[in-house]
Amino acid sequence: PFELPGLWLNAEELYALVLTRQIVEGSKKDLPQQASAALGGLYPDESDALDESLLGASLAAAQDRIEKLLGEKAVNLKRLRVLRHNHRRVDERVFRAIAAATLERRPLRFGYRARSTDEPTTRTVHPQRLVHYRDNWYLDAFDDTREALRSFALDRVSDVKLLEGAAKELENSELDAALTTGYGIFSGAARNTATILFSAHAARWAAEERWHTQQIGKFLSDGRFELKVPYSNGRELLMDVLRYGPDAEITAPIALREQMRSLLTLTSESYGLGA
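Residues numbered from 1 in each chain as written. Predicted model: local features only at pLDDT ≥ 70, side-chain atom pairs only at ≥ 80, totals over all residues. Heavy atoms only, no water.

**Things to note about the overall build of the protein**
Heads up, the rule is: Each helix corresponds to a stretch of at least 4 residues labelled H or I by DSSP, and each strand to a stretch of at least 2 residues labelled E; elements are numbered beginning at the N terminus. Between buried and exposed lies partly exposed: a residue is buried under 20% and exposed over 50% of the maximum accessible area for its type, with that area taken using a 1.4 Å probe on protein chains only. The contact definition used throughout considers only heavy atoms, calling two residues in contact when any of these lie within 4.5 Å. Note that accessible areas follow from Shrake-Rupley with a 1.4 Å probe, and for residues the cover is restricted to the protein chains shown.
Helix and strand counts for the protein stand at 7 helices and 9 strands. Counting every position in the protein, which comprises 275 residues, the buried fraction comes to 37%. A separation of at least 24 residues holds for 65% of the contacts in the protein among residues at least 6 apart in sequence. Surface accessibility of the protein: about 16900 Å² in total, with carbon and sulfur atoms responsible for 52%.

**Digging into a nonpolar patch on the surface**
Short version of the rule: Patches here are clusters of residues that have more than 30% relative accessible area and form no salt bridge, with a 9 Å joining cutoff for like charges and a 5 Å cutoff for nonpolar side chains (Val, Leu, Ile, Met, Phe, Trp, Tyr). Criterion for a salt bridge: a side-chain nitrogen of Lys or Arg within 4 Å of a carboxyl oxygen of Asp or Glu.
There is a patch of nonpolar side chains on the surface, built from Met239, Leu242 and Leu264 and spanning about 240 Å² of accessible area. Within the secondary structure, leucine 264 sits in helix α7 (residues 254–270).

**Regarding the side chain of serine 232**
Where we set the bar: Polar contacts, as used here, are pairs of N or O atoms within 3.5 Å; protein pairs need one atom able to donate a hydrogen and one able to accept it. Residues neighboring in sequence count only if both atoms are side-chain atoms.
Following the sequence through the fold, serine 232 ends up in the loop between β8 (225–231) and α6 (235–242). There is a polar contact of 3.3 Å between the side chain of serine 232 and the side chain of arginine 191.

**Comments concerning the environment of alanine 167**
Relative to the helices and strands, alanine 167 resides in the loop between β5 (157–162) and α4 (172–179). Given a relative accessible area of 7%, alanine 167 falls into the buried group. In sequence terms alanine 167 and histidine 126 are 41 residues apart; their C-alpha atoms lie 5.0 Å from each other. If near-sequence neighbours (up to four positions away) are discounted, alanine 167 is found in contact with Arg105, Arg106, Pro107, His126 and Pro127.

**Focus on the nonpolar core**
It is characteristic of soluble globular proteins that their nonpolar side chains tend to be buried jointly. Rule in force here: In these notes, a set of buried Ala, Val, Leu, Ile, Met, Phe, Trp, Tyr and Cys residues joined through side-chain atoms within 4.5 Å is what counts as a nonpolar core.
With 21 residues, the main nonpolar core has Ile98, Leu108, Phe110, Val125, Leu139, Val157 and Val160 as its most contacted residues. Listed by contribution, the elements that provide at least two residues to this core are α3 (92–104), β1 (108–113), β2 (120–133), β3 (136–143), β4 (148–153) and β5. Looking at this core, the element that brings in the most residues is α3, giving 6 residues. The residues contacting phenylalanine 110, other than those within four sequence positions of it, are Thr121, Thr122, Arg123, Val125, Leu139, Phe152, Val157, Ser158, Asp159 and Val160.

**Details of the sheet that holds β2**
Basically, it comes down to this: Following DSSP output, two strands are said to pair if at least two bridges run between them. Note on geometry: axes are lines fitted to C-alpha atoms, helical ones only across the stretch in contact, with angles between N-to-C directions running from 0 to 180 degrees.
Ordered by their spatial adjacency, 5 strands build an open sheet running β4-β3-β2-β1-β5, and the pairing between neighbours is antiparallel. Strands with a single pairing partner mark the edges of an open sheet, and in this sheet they are β4 and β5. Averaged over all pairs of adjacent strands, the angle between strand axes in this sheet comes to 45°, irrespective of strand direction. Judged from the 8 bridges that link them, β2 and β3 form a sheet pairing that is antiparallel. When the bridges of β3 are listed, arginine 129 appears paired with aspartate 140.

This is how it looks when you write it as structure tokens:
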């Protein structure tokens, strides 16, 4: 007989543990609202596919392991809470098909409506990795039509078909260079650097936030905080700067500053505050 040492978790591990448990329980609650459209015979033998929650048996098994690991202390996990924010629902069969193709290294064909245009398109892609970003799922894939890497929001995907053959493989370094050097999920390769100036009041919060892996920040002599962030498409960056209201100002580049000015003007007009 022997005894394993006590289990201690850091903040990130504890977050992951609680998040896994809450996804299991939350997805069960979401079950009646899951989309029920069948995907063209993709799972002809799974008549009960929609009777399971989003990650189904896999997450249920994870929950069992968590409870066995923690024993009687598992009940105390209810004292920890992870709040989900801006979560968008994904059709279960879409998720299953894309996850299977990503893990099995098979190409896919699916319908896609980009949120920016809502125009229906058909994409043939080689899945590279699944990404969970800001409480939503995305697929990084090589798009045959565009002959380039793209990120796809899973909630905008439909009519998934697994194709024969092996998916094209790209190195992680190539994926990161093309998809993660800019800011946000649809960033692309960084082409500019934004400079954001935070007031002395907001400086201590902004200085502790991680906006980007390659950000550069410094406190100024008057207590304000200057943050430099690489970006390609400024849309998501503008939305995040707006969270700080008058406590954040984009000072460079001029083009991004003008985009923010236009956005604020349109917002003012919506509230009847225009000149």
